[in-house]
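# Remarks on the overall topology
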Amino acid sequence: MTESVMQIGEVQVAAKGKISQTREQPFQVSVLDAKPLQVQSQPVTGLVNQISGVRVREDGGLGSNVNIMLNGISGKGIRIFVDDIPADLLGNGVAINNLPVNMIDHIEVYKGVIPTKFGSDALGGILNLVTRNVKKDYLDISAGMGSFGTYQASLNSRKYFGDKNNAFVGISGFYNHSDNDYRMDDVTIRVDELNNTTTGSVRRFNDAYIAYSGKVSLGLRYANWADLLRLDLTASQINKEWQHGMTTERPWGEAFSEESNLNVELKWKKSQMLNKKLNAIFNAGYSYINTCFIDTTAKTYYWGAVDGLEKYVSSSPGESGYYVDGRNPVQYISNSFIRFNLSYLLDKTHKLSLTSLYTRSDINGHDERGIASFGADILSNPQSLNKFYNGIALESKFWGDKITNILSGKFFAGNAEVVALDETINITGYNNNSYQRWGYGDAIKILLFPFLNSTLSFEHTYRMPDKDELFGDFISVFPNAELEPEESQNLDLGLRFKCLKSKLTFNINSFFRNTSNLIFLNSLNAWKSTYMNLLETQTIGFEGELKVSPLQNMNLYANLTWQDIILKDVDDNGDIEERYIGANVPNIPWLFGNAGFSYMLPWHITKSDKINIFYTCNYVHDFFLSWEIDGITSTKATIPQQVVHNAGISYTTLNNRLSFSLETKNITDEKVYDNYMVQKPGRSYATKIRFFISK
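Along each chain, residues carry numbers from 1 onward, in the same order as the chain's sequence is written. Reporting of local features is limited, given that this is a predicted model, to residues whose pLDDT is at least 70; pairs of side-chain atoms are given and counted only at 80 or more, and all residues count toward the totals for whole chains, interfaces and linings. Neither water nor hydrogens contribute to the side-chain values; these are computed over all heavy atoms in the structure.

Right, let's talk about the overall build of the protein for a bit. The secondary structure listing takes helices from DSSP runs of H or I that are at least 4 residues long and strands from runs of E that are at least 2 residues long, numbered from the N terminus. Scanning the protein from terminus to terminus reveals five helices and 43 strands. Taking 26 Å as the expected radius of gyration for a compact globule of 695 residues, we find that the protein reaches 25 Å, a close match to that expectation. With the C-alpha coordinates of the protein rotated into their principal frame, the extents come out at 75 × 60 × 55 Å. Note on areas: Shrake-Rupley, 1.4 Å probe, and residue coverage restricted to the protein chains presented here. With the model as given, the accessible surface of the protein reaches about 29800 Å², and the carbon-plus-sulfur share is 57%. Charge counting treats Lys and Arg as positive and Asp and Glu as negative, with His and both chain ends excluded. Where a charge sits is defined by one atom per residue type, namely NZ (Lys), CZ (Arg), CG (Asp) or CD (Glu). Each charge sign in the protein was given a centre, from 66 positive and 74 negative side chains, and these centres are 13 Å apart. The atom set for the radius of gyration is the C-alpha atoms, and the globule formula is 2.2 Å times the number of residues raised to the power 0.38.

Written out as structure tokens, the structure reads:
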């Protein structure tokens, strides 16, 4: 297995127990221990972005859209899980850009082959956010503030009671707020009544973000009939202003959205049944999500205006498209799931595992203002999506456990009822989308020497279209019942070397992806788009990582990822011309890396004090927005190269009970872009205080 062991600030991707067991699987997996980082202000997306092979692309500041790329596959091809449960079933309250680090124990990143236990139809990898499960009474409170009107707080607690301390109650929650009013450069400023413009630098003005969530957990452990029985009840609210669409060419001044989530989840776990050979886990859950998007203002905004002028002019209602009376769509989404995990020890060297997952999503709603544009309330017709997954895996050990092999098979099936629209967007009935697919894979780990091991894994897998792609949002994305599952063949070969009692570690992983029926959002006109199967691509690449501990309490790391993604075939509709076959797919980073160090200073005020300094650097090479073979290289639209430096210091005292941190991000105030013409925040500062007690 290619084991990712590194320092991110104070993060060391190494530990014992569950983290160590995860790392020792015959998969390409990195495990990031978040516990040492809980004093810092770094968001979860920032931590993930430091891991070798991973690139996180964001549209702006706190609460902005996130796109994760992993070994050449990105977007919905990379699935996010929270405690082994698909995050999209739980609402945005548990999204990766919302959960605070203090709620997370560790992060698992699987690349290529995915274990069957997740029930995942991910195309090229998953991120599993494992929340804290402290087995004693504790209270963890943190609060922080930063640039651009940012305030964050979190609470995590658990209390055990009963004769044997086998019952517990836990309360957790978080609050995130940011004005996101950082400066935007080279944007349009209105200079006269004729609406002539110039370019300049102004602050964002309609990008505030508020998210808060509360969770109550009730549980029982160590019973004869259950090792664990836990009921989780979660409620969350997200309020977001929308500053612009896909690019920043035209700002939105009053559009906003709201989302409410209610979730309930039940988990039962029992081990060592049937002569200590059978383990079982049962999960079931239901979530109700209420979303609305309000876009009714009759104004067209500019980024700014000279003194004496308004930065808007009158127009027809609606900023996000061409509408008669604007839009105010409200959607009601219900998600339910049931999953079984069984594992049976056949003998000392063979274990059989079975996983079955069923999910259902139902969506309906209304759009009163949209009737003027479409002639009917197109959201009032209910739509549904059912997904089925079954997986089986055989784990075998040979040669005194020096060889571990996991052979797996997977079955995917789906059925959806999708609203059918004619060319004038009149509802004509329903279309059915259904499919069945089989996948398979194998992963092997070989311990070559005590200091060197290798892994080889292959998987033929599928990703099923999700509700967003099938149903659209009826704002700018419309339904498509003809979507087919994405398909990929993934091959990974990895080596890991360690010596000097793991003070020097080097690992390298090469990867190959052959992906077809890729689903892309295709623009049909200025106000209408739909998801379509458009591309077949081939990816080859490698990632390497070096970690060194030259001094006691000092850790350094560096990683680099290179990938070459080329177009292999196009769709039958002619949306992409055949002349691009063999060319590099545009708008995807092809070279990126990270470096950093942490050092615990030898100075102390008291014996329990810890003073730690940390530094990280993120590098992304420039890449083209459009096809490289078109036009003149010197004049092509380009997402520029970026080198971002971050640093901080933390102080911990009272035997780790009280801690403070101060951090600076983007120290040199570079102009940073993950996406074309969508500028990210410049230099910023953040501070955090944390209080932790346990017994």
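On we go.
With that settled, the discussion passes to the sheet that holds strand β15 (residues 183–190). Two strands pair if DSSP finds at least two bridges between them. Taking strand neighbours across the sheet as the criterion, the three strands line up as β16-β15-β22 in an open arrangement whose pairing is mixed. Each edge of the open sheet is held by one strand with a lone partner, namely β16 (197–203) and β22 (304–305). As paired strands, β15 and β22 are joined by two bridges and run parallel to one another. When the sheet's bridge partners are listed, arginine 190 is paired in β22 with alanine 305.

The residue leucine 500 is located in the loop between β31 (486–499) and β32 (504–523) in this model. Remark: exposure states derive from per-residue accessible area (1.4 Å probe, protein chains only) relative to the maximum for the residue type, with buried under 20%, exposed over 50%, and partly exposed in between. Taking the relative accessible area as the measure of exposure, leucine 500 reaches 59% and is therefore exposed. Linking leucine 500 and tyrosine 182, residues 318 residues apart in sequence, is a C-alpha distance of 46 Å.

What follows deals with the side chain of threonine 653. Among the secondary structure elements, threonine 653 is positioned in strand β39 (residues 642–653). Taking the relative accessible area as the measure of exposure, threonine 653 reaches 11% and is therefore buried. A 3.5 Å cut-off defines polar contacts: any pair of N or O atoms within that distance qualifies, except that in protein one atom must be a possible hydrogen donor and the other a possible acceptor, and neighbouring residues in sequence count only when both atoms are side-chain atoms. A polar contact of 2.7 Å, which involves the side chain of threonine 653, links it to the side chain of aspartate 609. Residues count as neighbours in contact if any of their non-hydrogen atoms are within 4.5 Å of one another. Once you skip the residues sitting within four places of it in the chain, threonine 653 turns out to touch Thr606, Ser608, Asp609 and Leu658.

The patch calculation keeps residues exceeding 30% relative accessible area without a salt bridge and links them within 9 Å when they carry like charges or within 5 Å when they are nonpolar (Val, Leu, Ile, Met, Phe, Trp, Tyr). The working definition used for a salt bridge is a side-chain nitrogen of Lys or Arg within 4 Å of a carboxyl oxygen of Asp or Glu. Together, Lys18, Lys117, Lys135 and Lys269 make up a positively charged patch on the protein surface. In this fold, lysine 269 is placed in strand β19 (residues 256–272).

In this section: the pattern of salt bridges. All chains considered together, the criterion is met by 35 salt bridges. Notably, a salt bridge pairs aspartate 105 with lysine 35, separated by 3.2 Å at the nearest N-O pair. Here aspartate 105 is found in strand β10 (residues 104–111), whereas its partner lysine 35 is found in the loop between β4 (28–33) and α2 (44–48), with 70 residues between them in sequence. Residue lysine 35 is classed as partly exposed on the basis of its relative accessible area, which comes to 37%. A salt bridge links aspartate 140 to arginine 132, with the nearest nitrogen and oxygen atoms 2.5 Å apart. Taken individually, aspartate 140 and arginine 132 each receive the classification buried, so the pair is uniform in this respect. Through salt bridges that share partners, Arg55, Glu58, Asp674 and Lys680 make up one connected network.

This next bit is on the pairing of strand β40 (residues 658–665). Each regular strand shows side chains that alternate between the opposite faces of the sheet. Pairing geometry for β39 and β40, over seven bridges, is antiparallel. Within β40, the position partnered with threonine 652 by the bridge is serine 659. Between β39 and β40, which pair antiparallel in sequence order, lie four residues; one of them, leucine 654, sits at a positive phi of approximately 55 degrees. Taken together, the eight bridges between β40 and strand β43 (residues 684–694) define a ladder with antiparallel strand orientation. What sits directly across from lysine 665, in β43, is serine 684.

Further remarks concern unusual backbone geometry. For asparagine 165, which is not glycine, the phi torsion reads 50 degrees and is therefore positive. Relative to the helices and strands, asparagine 165 is located in the loop between β13 (150–161) and β14 (167–178). Look at aspartate 669: it is not a glycine, yet its phi comes out positive at around 55 degrees. By the element assignment, aspartate 669 lies in the loop between β40 and β41 (673–675).

Looking now at the sheet that holds strand β7 (residues 73–74). Spatially, the three strands line up as an open sheet ordered β5-β6-β7, and their pairing is antiparallel. Looking at strand neighbours, the two that pair on one side only are β5 (54–58) and β7, the edges of this open sheet. Pairing analysis gives two bridges linking strand β6 (residues 66–70) to β7, with the strands arranged antiparallel. Each bridged residue has a counterpart across the sheet, and for leucine 70 the counterpart in β7 is isoleucine 73.

Turning to the side chain of asparagine 509, a few remarks are in order. Here asparagine 509 is to be found in strand β32. At 3.5 Å, the side chain of asparagine 509 and the side chain of aspartate 492 are in polar contact.

Let us now look at a nonpolar patch on the surface. On the surface, Ile141, Leu155, Ile171, Val216, Leu218, Leu233, Val264, Tyr286, Phe691 and Ile693 cluster together to form a nonpolar patch covering roughly 760 Å² of accessible area. Where the nonpolar patch is concerned, the elements lending two or more residues are β17 (209–223) and β43. Assignment of secondary structure puts phenylalanine 691 in strand β43.

Here we take up the pairing of strand β25 (residues 350–366). Pairing geometry for strand β24 (residues 330–347) and β25, over 17 bridges, is antiparallel. Note on β25: the bridge partner recorded for serine 334 is aspartate 362. Count of turn residues in the β24/β25 antiparallel hairpin: two residues.

Quick look at the environment of proline 100 now. Its location among the elements puts proline 100 in the loop between β9 (85–86) and β10. Judged by relative accessible area, which is 15%, proline 100 ranks as buried. Expressed as a C-alpha distance, the spacing of proline 100 and lysine 117, which sit 17 residues apart in the sequence, is 26 Å. Those residues in contact with proline 100 that sit more than four places away from it in its chain are Val44, Ser154 and Phe174.

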